[in-house]
Structure formats: C-alpha cells, structure tokens
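# Structure assessment
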Amino acid sequence: EQVDLVVPISEETLHVAGLRERLPDSCRLFCMSQADLLALHDKLSFIQKVEAIGLPAPKTLAFDNPEAVAFAETEAYIVKPQLSSAGHGLAIQQAGDPLPPVDSPSIVQAYLPGEELSSFSIAHDGRVIGTVIYRGLIISGSVAVCFEVLPAPDPAILDWIERFVAAVNFSGSIAFDFRRDADGQALPIECNPRTTSGIHFVNPDDLALAVTNPEADN
C-alpha cells in the first residue's frame, strides 16, 4: 500500500508498536518500541524509572513487597493493578486499612489528596514539541468524560515532563496523570505512553506538523 507513516491513536498503541520489526524501512512508526512502551505503561516500573532519573514521585511499592503492609498501616494509600487503564481495579484506602485482595500484579501507592491534572505531549528524540495540561470536569465512574485545558499550566509540571522525556529519549505521544500532595506539589501517579483526550486541545495544524515533521524547529 506504500504507507509512509503509521500513527497509533489510542490504547492500541501498545499492540501496534509490535509492528516495528515488520515494517519496511520506508515506513515510519510514530511510537517507541513495544518494550519501551510497556515499561512506561507498567505503573511500578514507571515510578522506578522516575526515581532512577532523580525526579520526584509518590511512594510506590509492589503489592507483594513486605514494606507495603507497614506503609499501609500508617499512610492513606491506593491499590491498583500494574497494567490497567481507565481506573479499573483502583481502591482508595485509609491509613490502617488492611490491604485488599487483588487478582493481578498490583502496586501500593501513597494517596495524594490534592487536585488531579493530566498532560499530553508530543516528543521527538527526547525533545518536547508541545504539551497541554488539562483536568477533568465531569467524572463518570473512575474516568473523566469532560475536560478543560489550563491556559497557564504549572511551570513545575512542564519542567518535570521535559526532564523525563529527555532522560528516556522519548519519541511519539506521551501523557501523564499528576496529583498534588498535601504541600501542593504535583507528583506523577502514572504514565500513558500514547495519545489521550488531551489531543483535543491541540491545534490541528500544529498536531499535523508535529506528527509528519517532528524534526521541524517550530
């Protein structure tokens, strides 16, 4: 079909990434390798990578880590599967609550009481081309279905994103969810290494240029 560019759109990205070794040299795939994407989608390995880079992150432990029991005794926490989306399997627990039963590899993460913010970025070779920061206005179950963009996003969040993208030399679409801790600092709770609802806030012309010519200066 003489396809020049394959652009995965949403959660199928993790599967489409597996095409990389099967595509001809003339066809570019607009995402990272499948192994790289899975490592970021995994909520435990993502936080471990953040910590290895030296960026701030909430306390996060594997569910079967003995330290998780002690942590849950003294801190409010959440439990969620390492590989999940749309809030599936999320449980919010108070300090002292026993760890709930789980049926898949999961994490125990410090519960952050502040507002939740989301980001969507397009990057190329570790350089952020553009970012939008937005938040949910209407929540249905565990996911937001109506959003608003922040015209003046927190510079600390933008700096965090740029430093992470540079450290992992990311290319493609990448999104993060942040929550503010009790001191107001925004910390990343998970990564979605794909397109998210934030794409609707990107100017179509800018989006087209970023995807088709990511090496352009503007």
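The text that follows walks through the structure, step by step, so that each part is easy to find. What you see is a predicted model; the values in this text were computed from it and never measured.

### Re the packing of aromatic side chains
Taken as a whole and assessed by the stated rule, the structure comprises nine aromatic pairs. Plain terms: the ring middles of Tyr134 and Phe201 are 5.7 Å apart, the flat faces sit at 45° to each other, and that makes the pair tilted. Highlighted residues: Tyr134 in strand E8 (residues 127–140) and Phe201 in the loop between strand E11 (186–192) and helix H6 (204–212), separated in sequence by 67 residues. The buried category is assigned to Tyr134, whose relative accessible area is 4%.

### Observations regarding the sheet that holds strand E4 (residues 77–81)
On the basis of which strands lie adjacent, the open sheet formed by four strands has the order E3-E6-E4-E5 and antiparallel pairing. At either end of the open sheet lies a strand with only one pairing partner, and these are strand E3 (60–62) and strand E5 (91–93). Taking the axes of each pair of neighbouring strands and ignoring which way they run, one obtains an average angle of 25° across the sheet. As judged from the three bridges shared by E4 and E5, these two strands associate in the antiparallel manner.

### Examining the pairing of E4
Burial analysis of E4 places five of its five residues in the buried class, the great majority of the element. Note: E4 against strand E6 (residues 106–110), five bridges, orientation antiparallel. Pairing of Lys80 across the sheet is with Ile107, part of E6.

### Section: the side chain of Ser118
Tracing the chain through its elements places Ser118 in strand E7 (residues 116–124). Given the relative accessible area of 14%, Ser118 is considered buried. Residues contacting Ser118, with those up to four places away along its chain left out, are Val132, Ile133, Tyr134, Phe176 and Asp177.

### Observations regarding a nonpolar patch on the surface
Together, Leu137, Ile138, Val143 and Val145 make up a nonpolar patch on the protein surface, roughly 330 Å² of accessible area in all. For the nonpolar patch, the secondary-structure elements that each account for two or more residues are E8 and strand E9 (143–149). Mapped onto the fold, Val143 is located in strand E9.

### Some points on the nonpolar core
If you look at the biggest cluster of nonpolar residues, it comprises 29 residues, and the most contacted ones within it are Phe46, Trp160, Ile161, Phe164, Phe170, Ile174 and Phe176. At the level of secondary structure, the elements contributing two or more residues to this core comprise helix H1 (13–16), helix H2 (34–41), helix H3 (43–53), E7, E8, helix H5 (155–168), strand E10 (172–180) and E11. Those residues in contact with Phe170 that lie beyond four places of it in its chain are Met32, Leu37, Leu40, Ala123, His124, Asp125, Gly126, Val165 and Pro193. Grouped together as the second largest cluster of nonpolar side chains are eight residues, Leu61, Phe71, Tyr77 and Ala110 included.

Conventions adopted
- Residues numbered from 1 in each chain as written.
- Predicted model: local features only at pLDDT ≥ 70, side-chain atom pairs only at ≥ 80, totals over all residues.
- Heavy atoms only, no water.
- Phe/Tyr/Trp six-rings, centres within 6.5 Å; stacked < 30°, edge-to-face > 60°.
- Helix = DSSP H or I, 4+ residues; strand = E, 2+ residues; numbered from the N terminus.
- Buried < 20%, exposed > 50% of the residue type's maximum accessible area, 1.4 Å probe, protein only.
- Pairing = 2+ DSSP bridges.
- Axes fitted to C-alpha atoms, helices over the stretch in contact; angles between N-to-C directions.
- Contact = heavy atoms within 4.5 Å.
- Patch = residues over 30% accessible without salt bridge, like charges linked within 9 Å, V, L, I, M, F, W, Y side chains within 5 Å.
- Areas by Shrake-Rupley, 256 points an atom, 1.4 Å probe, with all protein chains shown as cover.
- Salt bridge = Lys/Arg side-chain N within 4 Å of Asp/Glu carboxyl O.
- Core = buried A, V, L, I, M, F, W, Y, C linked by side-chain atoms within 4.5 Å.

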